[in-house]
Amino acid sequence: MTTTATQRRDTDRYEHGYEQGHDGYAALPGLMRLMSGDEKHGPAATSTLDALWVLYDRVLRVTPATADDPGRDRFLLSKGHGPMAYYAVLAAKGFVPAGWLPGFGSYDSPLGHHPDRVLVPGAEIGSGSLGHGLPIAVGTALGLRAQGLDDPRVWVLVGDAELDEGSNHEAIAYAGPAGLDRLHTVVIDNSSASWALPGGIARRFEAAGWSAATVDGRDHEALYAAFTAPHPGRPRVVVARVEPKDA
């Protein structure tokens, strides 16, 4: 992919801005505009933006310097299709250079249409095939427990349509009775699920013993409050409602 002069200028400006303490959230739309590759999932590329920013800016205990630390929080992006917001946030937080963004989706770019954990610094899993992230997160939480690592938290972001998959139902049903209180799930609800009922997502988790909250997925303070609410002995789910994908 050929990088335009405008993209090169914007890349230099964003990278310099972060070094000078630039307001990262305000810069995210510009970072996303650097990714001019053919995005296959437009609504998915933007629906996650606010939840991702609040997590990486205020909640997750992981930095580029601690990305391999056994004591880090683990963040798993299950909603891996349409990863532009994820890449923009990773760039804003220094995990990947902003100079990679204009190559998004090109043959030789590490930033593919689905994140690859081998190629993308900070990515815990390769994702994009729907339905896998939550079961992997349950296994990750169990693995940390088995190692006696009680401090790291496991976060997974899923789309509401992923909950159509049976593997997610099994993960939800298991995690509650298992008391996986280091497990946190963020469901981006943009009315994509095939068999959804209004308000049904949170109730589904609650029936399996989870602590649950439903908030405006664009309200940063509401997201932060829901992400940090105590939930002793139970896994936590936050349903973040955003505009319907076809709106």
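Before reading on, note that the structure itself is shown above.
Residues numbered from 1 in each chain as written. Predicted model: local features only at pLDDT ≥ 70, side-chain atom pairs only at ≥ 80, totals over all residues. Heavy atoms only, no water.

> What's the story with the overall build of the protein in this structure? I'm lost.
Helix and strand counts for the protein come out as nine helices and five strands. Put simply, the protein runs from its N terminus to its C terminus through helices and strands in the order α-α-α-α-β-α-α-β-α-β-α-β-α-β. Considering the protein as a whole, with its 247 residues, one finds that 51% of them fall into the buried category. Considering only contacts within the protein whose residues lie at least 6 apart along the sequence, 78% involve residues at least 24 apart. (Helix = DSSP H or I, 4+ residues; strand = E, 2+ residues; numbered from the N terminus. Buried < 20%, exposed > 50% of the residue type's maximum accessible area, 1.4 Å probe, protein only. Contact = heavy atoms within 4.5 Å.)

> Explain the environment of His 231 here, please?
Position of His 231 among the secondary structure elements: in the loop between α9 (220-228) and β5 (236-241). Exposure remark for His 231: the relative accessible area of 10% places this residue in the buried category. For the pair His 231 and His 184, spaced 47 residues apart in sequence, the C-alpha separation works out to 10.0 Å. In this structure, His 231 is in contact with Asp 181, Leu 183, His 184, Ser 211 and Arg 236, ignoring residues within four places of it in sequence. Here His 184 takes part through its side chain, which lies 3.0 Å from a polar atom of the side chain of His 231. At 2.6 Å, the side chain of His 231 forms a polar contact with the backbone oxygen of Arg 234. (Polar contact = N/O pair within 3.5 Å; in protein donor to acceptor, adjacent residues only side chain to side chain.)

> Explain the sheet that holds strand β3 (residues 183-189) here, please?
The strands that make up a sheet are held in pairs by hydrogen bonds between backbone atoms, and each pair lies either parallel or antiparallel. Here five strands make up an open sheet; going across it, the order is β1-β2-β3-β5-β4 and the pairing parallel. Two strands in the sheet have a free side with no partner beyond their single neighbour: β1 (74-77) and β4 (211-216). Here the average twist between neighbouring strands, direction ignored, is 15°. Pairing of β3 with β5 involves six bridges; the strand directions are parallel. (Pairing = 2+ DSSP bridges. Axes fitted to C-alpha atoms, helices over the stretch in contact; angles between N-to-C directions.)

> What am I meant to see in the pairing of β1 here?
The side chains of a regular strand alternate between both faces of the sheet. Neither face of β1 is open: one carries Arg 74 and Leu 76, the other Phe 75 and Leu 77, and all of them are buried. Across four bridges, β1 lies against strand β2 (residues 154-159) in parallel orientation. Bridge pairing in β2 places Phe 75 opposite Trp 155.

> Is there a simple way to explain the nonpolar core in this structure?
One broad rule of soluble globular proteins: the nonpolar side chains tend to lie buried together. Ranked by size, the top nonpolar core spans 48 residues in total, and within it Tyr 56, Phe 75, Tyr 86 and Phe 227 carry the most contacts. Element by element, the count of residues in this core is highest for helix α5 (residues 84-92), at nine residues. Those residues in contact with Phe 75 that sit more than four places away from it in its chain are Leu 52, Leu 55, Tyr 56, Leu 60, Tyr 86, Glu 124, Trp 155 and Leu 157. Among the nonpolar cores identified, the runner-up in size contains 24 residues, and Ile 125, Ala 171, Leu 180 and Ile 201 belong to it. (Core = buried A, V, L, I, M, F, W, Y, C linked by side-chain atoms within 4.5 Å.)

> Which parts of the structure should I look at to understand the packing of helix α4 (residues 49-59) against α9?
Geometry of a packed helix pair, given as the angle between the helix axes and the separation of the axes. For the pair α4 and α9, interaxial distance at closest approach is 10 Å and the crossing angle is 60°. Regarding the angle of α4 to α9, the classification is oblique. Handedness of the α4/α9 crossing: right-handed. Every residue of α9 that contacts α4 at Asp 50, Ala 51, Trp 53, Val 54, Leu 55, Arg 58 and Val 59 is listed here: His 220, Glu 221, Leu 223, Tyr 224, Phe 227 and Thr 228. Of the residues in the contact of α4 with α9, the class split is eight nonpolar, two polar and three charged. (Parallel < 35°, antiparallel > 145°, perpendicular 65-115°, else oblique. Left-handed = near helix turned anticlockwise from the far one by under 90°. Nonpolar A, V, L, I, M, F, W, Y, C, P; charged D, E, K, R; others polar.)

> I keep staring at the side chain of Asp 189 and nothing clicks. Help me out?
Relative to the helices and strands, Asp 189 resides in strand β3. For Asp 189, which is buried and forms no salt bridge, the nearest opposite charge comes from Arg 241, at a distance of 4.1 Å. A polar contact is formed between the side chain of Asp 189 and the backbone nitrogen of Ser 191, at a distance of 3.1 Å. Excluding residues that lie within four positions of it along the chain, Asp 189 makes contacts with Asp 160, Ile 201, Val 239, Ala 240, Arg 241 and Val 242. (Lys, Arg positive; Asp, Glu negative; His and termini not counted. Salt bridge = Lys/Arg side-chain N within 4 Å of Asp/Glu carboxyl O.)

> What should I look at first to understand the packing of aromatic side chains in this one?
Ring pairs (aromatic) are described by centroid distance and by the angle formed between their planes. In the structure shown here, the tally under the stated rule is eight aromatic pairs. With centroids separated by 5.5 Å and ring planes inclined at 75°, the aromatic side chains of Tyr 56 and Phe 75 adopt a geometry described as edge-to-face. Remark: Phe 75 occurs in strand β1 and Tyr 56 occurs in helix α4; sequence separation between them is 19 residues. Here Arg 58 stacks its cationic end above the ring of Tyr 224, 4.0 Å away from the centre of that ring. (Phe/Tyr/Trp six-rings, centres within 6.5 Å; stacked < 30°, edge-to-face > 60°. Lys NZ or Arg CZ within 6 Å of the ring centre and 35° of its normal.)

> What's the story with unusual backbone geometry in this structure? I'm lost.
Outside of glycine, negative phi angles account for most residues, and trans bonds account for most peptide bonds. Although it is not a glycine, Ser 191 sits at a positive phi angle of roughly 60°. Its location among the elements puts Ser 191 in the loop between β3 and α8 (200-207).

> I tried to follow the packing of helix α2 (residues 24-33) against α5 on my own but got confused; where do I start?
For the pair α2 and α5, the least separation of the axes is 9 Å and the interaxial angle reads 120°. It follows from the interaxial angle that α2 and α5 lie oblique. At the point where α2 passes α5, the crossing takes the right-handed sense. On α5, the residues touching Leu 28, Leu 31 and Met 32 of α2 are Met 84, Ala 85, Ala 88, Val 89 and Ala 92. Class assignment of the residues belonging to the contact of α2 with α5 gives a composition of eight nonpolar, no polar and no charged.

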